Amino acid sequence: MKAVLALDQGTTSSRAILFDHSGAVVAVAQKEFPQIFPRPGWVEHDPGAIWSSQWEVARAVLAKADIAPSDIAGIGITNQRETTVVWDRKTGRPIHNAIVWQDRRTAPMCDALKRRGLAPLIRRKTGLVVDAYFSATKLAWILANVPGAKAKARRGELAFGTVDSWLTWNLTGGRVHVTDVTNASRTMLCNLRTGDWDDELLELFGVPRAMLPEVRSSSEVVGEAMLGSVPVKIAGIAGDQQAALFGQVCHAPGMAKNTYGTGCFMLMNTGTKPVASRNQLLTTVAWRVGGVTEYALEGSVFIAGAAVQWLRDGLGIIASSADVEGLAASVGDNGGVYLVPAFSGLGTPHWDPYARGTIVGLTRGSTAAHVARATLEGIAFQVRDVLEAMHRDAGIRLRELRVDGGASANNLLMQFQSDILGVPVVRPRVAETTALGAAYLAGLATGFWKDRQEIARPWQADRRFVPGMRPARRKELLQGWEKALGRAKGWAKE
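The residue numbering used here restarts from 1 in each chain and proceeds along that chain's sequence as written. Since the coordinates come from a predicted model, pLDDT governs what is reported: local features require at least 70, and pairs of side-chain atoms require 80 or more to be given and counted, while whole-chain, interface and lining totals use all residues. As a convention, hydrogens and water are excluded, and side-chain values are obtained from all of the structure's heavy atoms.

K.L.:
Quick question: what am I supposed to make of the packing of aromatic side chains here?
P.N.:
A ring pair, where both rings are aromatic, is described by two values, the distance of the centres and the angle of the planes. Only rings of Phe, Tyr and Trp enter the pairing, Trp through its six-membered ring, and a pair is recorded when the two centres are within 6.5 Å. The plane angle decides the type: under 30 degrees is stacked, over 60 is edge-to-face, the rest tilted. Evaluation of the coordinates by the stated rule reveals 19 aromatic pairs. An aromatic cluster is present here, built from Trp 101, Tyr 133, Phe 134, Phe 265, Phe 302 and Trp 351 joined pairwise through their rings. Should the NZ of a Lys or the CZ of an Arg lie within 6 Å of a ring centre and within 35 degrees of the ring normal, that charge is described as sitting over the ring. Lying across the ring of Phe 265, Arg 81 places its NZ or CZ 5.4 Å from the centre. Above the plane of the ring of Trp 42 lies Arg 105, whose end atom (NZ or CZ) is 3.8 Å from the centre.

Below is the structure:
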């Protein structure tokens, strides 16, 4: 066997990456797919486009590397989490567009749950705050708004899944309906301690158990995909952020990583016992490997790289996302401009679905470069808010923050991140840690890699960013950020 195939299904694109035994990238194929915005605050995907783009790049990467399916040791799947798909079991066709994790349409439903005093129960069982981010209210919305869906669901004719389930169903020709415990833990329907669906929560959200996938480990063979005429084992599944934590070899309690993708997600390994947060963090499953479940604390920033895409597609001030660094670096500071990228509300630790994107501090001297710089700084400020909450919960201060994801290639952002956090930021040589984590999980299940020690050895730092900002300047910037946050919060609340 020459390689492991990782299918990395993200919010804006589907990718396929082949990794060899050293953990190095053999080949990559990627395809963007359309974003659908039916109303302000609503975000959808066509499940057919998710599947077709993922299948296309899976075939393309094999051709690119000139590797036969018979040389693939296994397939690892990693995916955008919480995004909700419901399809007909008989036809395999979705009954509605996928409702994306960024979607805010169910915020009023979450408000109603809080008014009923159910937030503590949900938090205790799931480790999650009550928010439109998670799958349960999205699923309840589909069942309530698609004609005939409730009756079909009760009869067992419909299947629900997060994107990993949808891909596995299609890869196996409809023979396998599973999810892994990391994705299940993001639905608000899964009991964190049992690692299975919770009957009380299913009743609360009106979800028939017959719709749900079987919950499996993150590293085990769950089925076979036909690549041409060759069956290849699907042997690893994990939500994208948990996969990145595994790929960054943060295998010991207290280790943390931050992924800069469409959003920003910081996870800290807390070991084999879930840690209840007192600071609005999420308690989530990190992975289940070899029958042992490990947990993490997570901070979720909804908009990070997506803000840079907005500069490109919405404002047109850059031609490509990579151009933002040069534009932002053309000015020495933000010129007093702050951008709060709350286009989909605010996540950790604010949890304000009614916050909206805000630019403050503009003067006649403000330029596109100041807005670009404020956008990058807005990403870093949000990460700092998360890390402060994590410090308070975990009771330890990080010695370093490992980073990955597309925007981690931006040196200006990484240096500012280190400056505003006051801790070193370390970028690994292999930046594709989300896909690598999925590959590791699949490779461990198929014997391609022997154990965690073997996969940890190749990890190397590419660059280490060390804080150099004066404390007084850091304090000044953070005070401006706090004022800007105050302007953004609650903006869309009626």
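K.L.:
In this structure, what is going on with the pattern of salt bridges? I would like to understand it.
P.N.:
Working definition: two side chains of opposite charge can pair if their charged atoms are close together. For this document, the term salt bridge refers to a Lys or Arg side-chain nitrogen within 4 Å of an Asp or Glu carboxyl oxygen. Across all of its chains, the model carries 27 salt bridges by this definition. Salt-bridge contacts for Asp 71 lead to Lys 2; the nearest nitrogen and oxygen are separated by 3.8 Å. Residue Asp 71 is found in the loop between helix H1 (47-65) and strand S5 (72-79), and its partner Lys 2 is found in the segment before strand S1 (3-9); the two are separated by 69 residues along the sequence. In this structure, Glu 56 engages Lys 31 in a salt bridge whose closest nitrogen and oxygen atoms are separated by 2.8 Å. Comment: elements are numbered from the N terminus, with helices defined as DSSP H or I runs of at least four residues and strands as E runs of at least two.

K.L.:
How should the environment of Glu 454 be read in this particular structure?
P.N.:
Following the sequence through the fold, Glu 454 ends up in helix H15 (residues 452-456). Exposure classes here rest on a 1.4 Å probe applied to the protein chains alone. A residue is buried below 20% of its type maximum, exposed above 50%, and partly exposed in between. Judged by relative accessible area, Glu 454 falls into the buried class, the value being 18%. For Glu 454 and Val 383, which are 71 residues apart along the polypeptide, the C-alpha to C-alpha distance reads 31 Å. Leaving out residues up to four positions away in the same chain, Glu 454 has contacts with His 21 and Trp 449. A distance of 3.3 Å separates a polar atom in the side chain of Glu 454 from a polar atom in the side chain of His 21. Throughout, a contact is declared for two residues whenever any of their heavy atoms are within 4.5 Å. Polar contacts, as counted here, are pairs of nitrogen or oxygen atoms within 3.5 Å of one another; within protein the pair requires one atom able to donate a hydrogen and one able to accept it, and residues that are adjacent in sequence qualify only if both atoms are side-chain atoms.

K.L.:
It is not clear to me how the layout of surface pockets should be interpreted in this structure. Could you clarify?
P.N.:
Over the atoms rolls a probe the size of a water molecule, and its path tells where empty space is left. Here the largest pocket is characterised by a volume of approximately 980 Å³. Think of a 1 Å grid over just the protein atoms. A cavity is a set of points where a 1.4 Å probe fits yet cannot get out, a pocket is an open set with protein on both sides within 12 Å along at least five of seven lines, and lining residues have an atom within 4 Å of a point. Along its surface, the largest pocket is lined by 42 residues, and Tyr 260, Gly 261, Thr 262, Gly 405 and Gly 406 are the ones closest to its centre. Among the elements of the structure, strand S2 (13-19), strand S3 (25-32), helix H9 (240-247), strand S15 (256-260), helix H10 (305-315), helix H11 (323-329) and helix H14 (433-446) are those that each provide at least two residues to the lining of the largest pocket. Of the residues assigned to the lining of the largest pocket, the class counts are 13 nonpolar, 19 polar and ten charged. Grid points are joined across faces, edges and corners, and a volume is the space filled by probe spheres set on the points. By volume, the second largest pocket amounts to about 510 Å³. Three classes are used, and their members are as follows: Ala, Val, Leu, Ile, Met, Phe, Trp, Tyr, Cys and Pro are nonpolar, Asp, Glu, Lys and Arg are charged, and the others, Gly among them, are polar.

K.L.:
Before we go on, may I ask you to explain the sheet that holds strand S21 (residues 401-404) in this structure?
P.N.:
The pairing of strands in a sheet comes from backbone hydrogen bonds and takes either a parallel or an antiparallel form. Whether two strands pair depends on DSSP finding at least two bridges between them. The strand order across the open sheet formed by seven strands is S17-S18-S16-S15-S21-S22-S23, and the pairing between neighbours is mixed. The open sheet has two edge strands, strand S17 (282-289) and strand S23 (461-465), and neither has a second partner. Taking the axes of each pair of neighbouring strands and ignoring which way they run, one obtains an average angle of 30° across the sheet. Of the strand pairs in this sheet, strand S16 (residues 264-271) and strand S18 (residues 292-301) are connected by seven bridges, and their pairing is antiparallel. Under this scheme, a helix contributes an axis fitted over its contacting stretch, all axes are lines through C-alpha atoms, and angles between N-to-C directions fall in the 0 to 180 degree range.

K.L.:
Is there a simple way to think about H1 in this case?
P.N.:
Multiplying 1.5 Å by the helix residue count minus one yields the expected span of that helix. For H1, built from 19 residues, the straight-helix expectation of 27 Å at 1.5 Å per residue is met to within 8% by its first-to-last C-alpha distance of 27 Å. Every buried residue belonging to H1 is among Pro 47, Ala 49, Ile 50, Trp 51, Ser 53, Gln 54, Val 57, Ala 58, Val 61 and Leu 62, and all of these are buried. By the N-cap criterion, in which a side-chain oxygen at the helix start approaches the backbone nitrogen of a residue two or three places on, H1 is capped by Asp 46, the distance to Gly 48 being 2.8 Å.

K.L.:
It is not clear to me how empty space enclosed by the protein should be interpreted in this structure. Could you clarify?
P.N.:
With the rule as written, the count across this model stands at two cavities of 30 Å³ or more. Put simply, the largest cavity is a space of about 50 Å³. What lines the largest cavity is simply Ser 300, Val 301, Leu 346, Gly 347, Thr 348, His 350, Gln 382, Asp 385, Trp 481 and Leu 485. Of all the elements in the fold, those that place two or more residues in the lining of the largest cavity are S18, helix H12 (368-394) and helix H16 (471-488). Split by residue class, the lining of the largest cavity holds four nonpolar, five polar and one charged. Reported here for the second largest cavity is a volume of approximately 40 Å³. Looking at the second largest cavity, the residues that line it are Arg 373, Leu 376, Glu 377, Leu 412, Leu 413 and Phe 416. Of all the secondary-structure elements, those providing two or more residues to the lining of the second largest cavity are H12 and helix H13 (411-421). Here the residues of the lining of the second largest cavity are counted per class, giving four nonpolar, no polar and two charged.

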